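Structural description and commentary
Listed below, chain by chain, are the residues.
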Amino acid sequence: MATGSQAGYQIARTTKIKLSDRNNIADQNMGVKLLLKDAHVEGIRYYDTYRKQGGYAAVEKALKMTPEAIVEEVKKSGLRGRGGAGFPAGMKWSFIAKPEGIPRHLVCNADESEPGTFKDRYLMEFIPHLLIEGLIVSSFALGSNATYIYIRGEYAWIPDILEQAIAEAKANGFLGKNILGSGFDCEIYVQRGAGAYICGEETALIESLEGKRGNPRIKPPFPAVKGVWDRPTVVNNVETLAAVVPIINLGGEEYAKIGVGRSTGTKLISACGNINKPGVYEIDMTISVEEFIYSDEYCGGIANGKRLKACIPGGASVPILPANLLLKTAKGETRYMNYESLSDGGFATGSMMGSGGFIVFDEDQCVVKHTYTLARFYRHESCGQCSPCREGTGWMEKILKNIDTGKGKMSDIDLLWDIQRKIEGNTICPLGDAAAWPVAAAIRHFRDEFEWHVLNPEECQRRNYGLAHYADAREVVA
Amino acid sequence: MAEEKKLFKVTIDNITVEVEPGTSILNAARQIGGDVTPPAMCYYSKLKGSGGKCRTCLVEVAAGSTADPRPMPKLVASCRTNVMDGMIVKNITSEKVQDARAGVVEFLLINHPLDCPICDQAGECHLQDLSYEHGKEGTRFEFAKRTFKKHDLGPYIQLHMTRCILCYRCVFVAEQLTNKRVHGVLDRGDHAEIATYIEKALDNDFIGNVIDVCPVGALTDKTFRFKNRVWFTKPVNASCKCDKCSGKVHLWMRGDEVLRVTARKDQWGEVEEWICNTCRFERKDIKDWTIEGPVNVNRHSVISQGHYVGLKMPDETFSKVMNGRQPKLLMDIHSVSEVNKPNVNLAAIPGPAHSTDFDTKTGK
């Protein structure tokens, strides 16, 4: 296995913490698991086992509280939206308009289509009752009697799992009329998408849920005022809603103690790419990126003994970071796996936590090809509503294809930069930004690789550019 | 006395105007008029829900309101952002806006066929105006432009999907004017297109209005197709008694011939009153109409006389470059031409004149 890389890693880290000795480096909460604590239990997908592991205690507790108190707990917990933007969930809940006589809705955004992100799928597939429990509590807090799960169309087998979990919860009195004698009625409906990335944007999701074409709406009005069928609506990510369960069980303040700073609680990271152990990991946001990649508990190092070249830390749409900026910030501080640290340095030298799709690239990967792949994805998924995104994504893809196949010109790189600059911030929804950022970051950090492709049109077809100067700083030391 | 309505004060490019609450920035700018009005390709004041898509009307909000004077972080679509009291907006005074707008125009044009010479919309095309104002002279797009499979929308409406900028106006027209919308946007992204899913003619008494709302030449009148150029035709106000619509139209005439009928448009190129298909496509005879007078051609048209008002002729520069000397007459065309020979009295020649009458060699 990855002995070479592991050995080099140990040498370089002599002054740093040892992987095997985690307790020395962090507080007692290190390694705490809230969402995936029972993931290993056999049969956790089914109600009986889930209940035996202490499931649905949050519903029992929450229904004795007032809705306002639950919102207050979520506010206190500092829980931030896990879908990508990281907006405080409690704040979002408190914005919901409460006009007299108009129903409100909670919508669970399970349209997880970001390349590299598959944490929600894991949660829904293996512990569906955690989501259902979170949904019941959140519906009660928001006063939603009809709650929807909008699930990605490609997750063809998961709606059945969710429907079964809903049926089980209903049979045991946790859904339906007068839940646990509290007088609160709630139904959960599962709605499948038809295979569009854009429907993960909350207003496009609402349009699609209403049965229309999934075009993002122009905000304002925000969904909290006019959402599904013009009713006040809250749209939350699967993981956010699942995290409500431990918040109610522990209490908001207790939950806020986990993690660091404004990154409270635990976060699911779906790690993939050239690592030894791809998968979904629950982290408490106090560990460093370096540890996450190299420790055996998580990714287990770079696969095949290769070296780290770059990484996208939060799903395809966040900026890619070269190894030297990934492990340490521009100021030379250790970069940690949390919202603040990953975005340290802005987009010039930082990235974003995003949705937690952690994509690792080893030295054999070609950044130009990778950027082209992403550009192709965004061109295909643009809804075509507003001009910069509709036209710009296609243009970027064509130029990147040229560079990738050795037909590029030096001026194309500047042109790409100019195009992405004119898309970013000028579109209706964040898809324009999401399409522009990866291209911008690739040019910003890997410009020499683009130039090499232009200067060596034939050689770039045969071999990859390799590491160059942006290689893992740690490797250089070793 | 009626309760006094509180008006919002909004400053656009250092010009302050008072508007009613709920007015969009674009409409406030239209009240000022002139250059500070952002261009709008997709917004249509008569169509509910339109706007926000083309992004040409982006403006910078330097101060949100008196109560909350923070600037907005991004450029906003002025057609869909309502004014607040004390809002300060920058349009032509903001470099950021000009840059973004130039970008949007470039994006709109990269896949546009630029077939203006054969396009019926040329001369009254909003995209032409926009690209004259904000576009670049060259293109940086070096790829094949996208094309579409042709769709037939029936005997009256011609669809050129390659010219479309997906403003969605025609979709809104079909939704809000007719009882059943049969066309819409299919597909997504850069291959999104306007079409009827199953090949079908657009058939409704008011569907012809999609031609008038289309800002480009994507939807044109089949009965006017290739008949004439807009600037050769003369628009007149006319009306008729129609049992379906107001009957108030513009006739586009050449001589006594009615080439085209459109609805009357205001200064922003927006239809004043919708007209029915019978008026638009069937009444092509001058006898059908009562002519009221010539049209004041709007600012969107090359036919506008306004373009020639205060026309400045170039100064005579000969004497200036020749240090005050007048140009030397190189050749007096009258003295060389035999036909115009002034000393031959044409009236004195019996019958038609022949070359022999002017023959200098024979000395007649």
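All of these numbers come straight from a predicted model, not from anything done at the bench.

**Overview of the sheet that holds strand 4 (residues 76-77) of chain B**
Two orientations exist for strands paired in a sheet by backbone hydrogen bonds: parallel and antiparallel. All names here are of chain B. Taken together, five strands build an open sheet; the order of strands is 2-1-5-3-4 and the sheet is mixed. This sheet does not close on itself; its edge strands, each paired only once, are strand 2 (15-19) and strand 4. Both strand 3 (residues 58-63) and strand 5 (residues 87-90) contribute to a ladder of three bridges, which runs antiparallel. The residue bridging V61 from the neighbouring strand is V89, located in strand 5. Running at roughly 115° to strand 2, helix 1 (residues 25-32) makes contact with strand 1 (8-12), strand 2, strand 3, strand 4 and strand 5 of the sheet. Lying over the sheet, helix 2 (residues 95-110) contacts strand 3 and strand 5, oriented at roughly 160° with respect to strand 3.

**Digging into the domain arrangement of chain B**
Residue and element names in this part refer to chain B. We note that the domain assignment places domain 1 (8-108) and domain 2 (140-221) within chain B. For domain 1 versus domain 2, the separation of C-alpha centres amounts to 28 Å. Residue-level contacts link 13 residues of domain 1 with twelve residues of domain 2. The contact between domain 1 and domain 2 buries some 1,000 Å² in all, and 61% of this surface belongs to carbon and sulfur atoms. Linking domain 1 to domain 2 there are one salt bridge. Of the charged contacts in the structure, one is a salt bridge between E106 and R140, with a shortest N-O distance of 2.8 Å. Linking domain 1 with domain 2 are five residue pairs in polar contact (both at pLDDT 80 or more), by the criterion used here.

**What about the packing of helix 17 (residues 387-404) of chain A against helix 18 (residues 410-423) of chain A?**
Residues and elements named next belong to chain A. Direction vectors running N to C along helix 17 and helix 18 enclose 160°, while the axes themselves pass 10 Å from each other. Here helix 17 lies roughly antiparallel to helix 18, going by the angle between them. Between helix 17 and helix 18 lies a crossing whose hand is left-handed. Contact residues: P388, C389, G392, T393, W395, M396, I399, L400 and I403 in helix 17; D412, I413, L415, L416, I419, Q420, K422 and I423 in helix 18. Considered class by class, the residues forming the contact of helix 17 with helix 18 number twelve nonpolar, three polar and two charged.

**Details of the side chain of E112 of chain A**
Residue and element names in this part refer to chain A. Along the chain, the position of E112 falls in the loop between strand 1 (104-110) and helix 6 (119-126). Summary of buried charges: E112 has no salt-bridge partner, and the nearest side chain of opposite charge, K119, is 4.6 Å away. A polar contact is formed between the side chain of E112 and the backbone nitrogen of K119, at a distance of 3.0 Å. In this structure, E112 is in contact with T117, F118, K119, D120, R121, R152 and Y155, ignoring residues within four places of it in sequence.

**Looking at unusual backbone geometry**
All names here are of chain A. A cis geometry characterises the amide bond from K219 onward to P220, with omega recorded as -10°. Mapping P220 onto the fold places it in the loop between helix 9 (202-209) and strand 4 (233-237). Residue P220 is joined to P221 through a cis peptide bond whose omega torsion reads 5°. With phi around 50°, W229 is a residue other than glycine that occupies positive phi space. By secondary structure assignment, the location of W229 is in the loop between helix 9 and strand 4. In this structure W229 comes out as partly exposed when scored by relative accessible area, which is 39%. Positive phi is not limited to glycine here, since D230 has a value of about 60°. Of note, D230 is situated in the loop between helix 9 and strand 4.

The rules behind each value
Residues numbered from 1 in each chain as written. Chains lettered and ligands numbered in written order. Predicted model: local features only at pLDDT ≥ 70, side-chain atom pairs only at ≥ 80, totals over all residues. Heavy atoms only, no water. Pairing = 2+ DSSP bridges. Helix = DSSP H or I, 4+ residues; strand = E, 2+ residues; numbered from the N terminus. Contact = heavy atoms within 4.5 Å. Axes fitted to C-alpha atoms, helices over the stretch in contact; angles between N-to-C directions. Domains from an automatic or database assignment. Buried area = accessible area lost by both parts, 1.4 Å probe. Salt bridge = Lys/Arg side-chain N within 4 Å of Asp/Glu carboxyl O. Polar contact = N/O pair within 3.5 Å; in protein donor to acceptor, adjacent residues only side chain to side chain. Parallel < 35°, antiparallel > 145°, perpendicular 65-115°, else oblique. Left-handed = near helix turned anticlockwise from the far one by under 90°. Nonpolar A, V, L, I, M, F, W, Y, C, P; charged D, E, K, R; others polar. Buried < 20%, exposed > 50% of the residue type's maximum accessible area, 1.4 Å probe, protein only. Lys, Arg positive; Asp, Glu negative; His and termini not counted.

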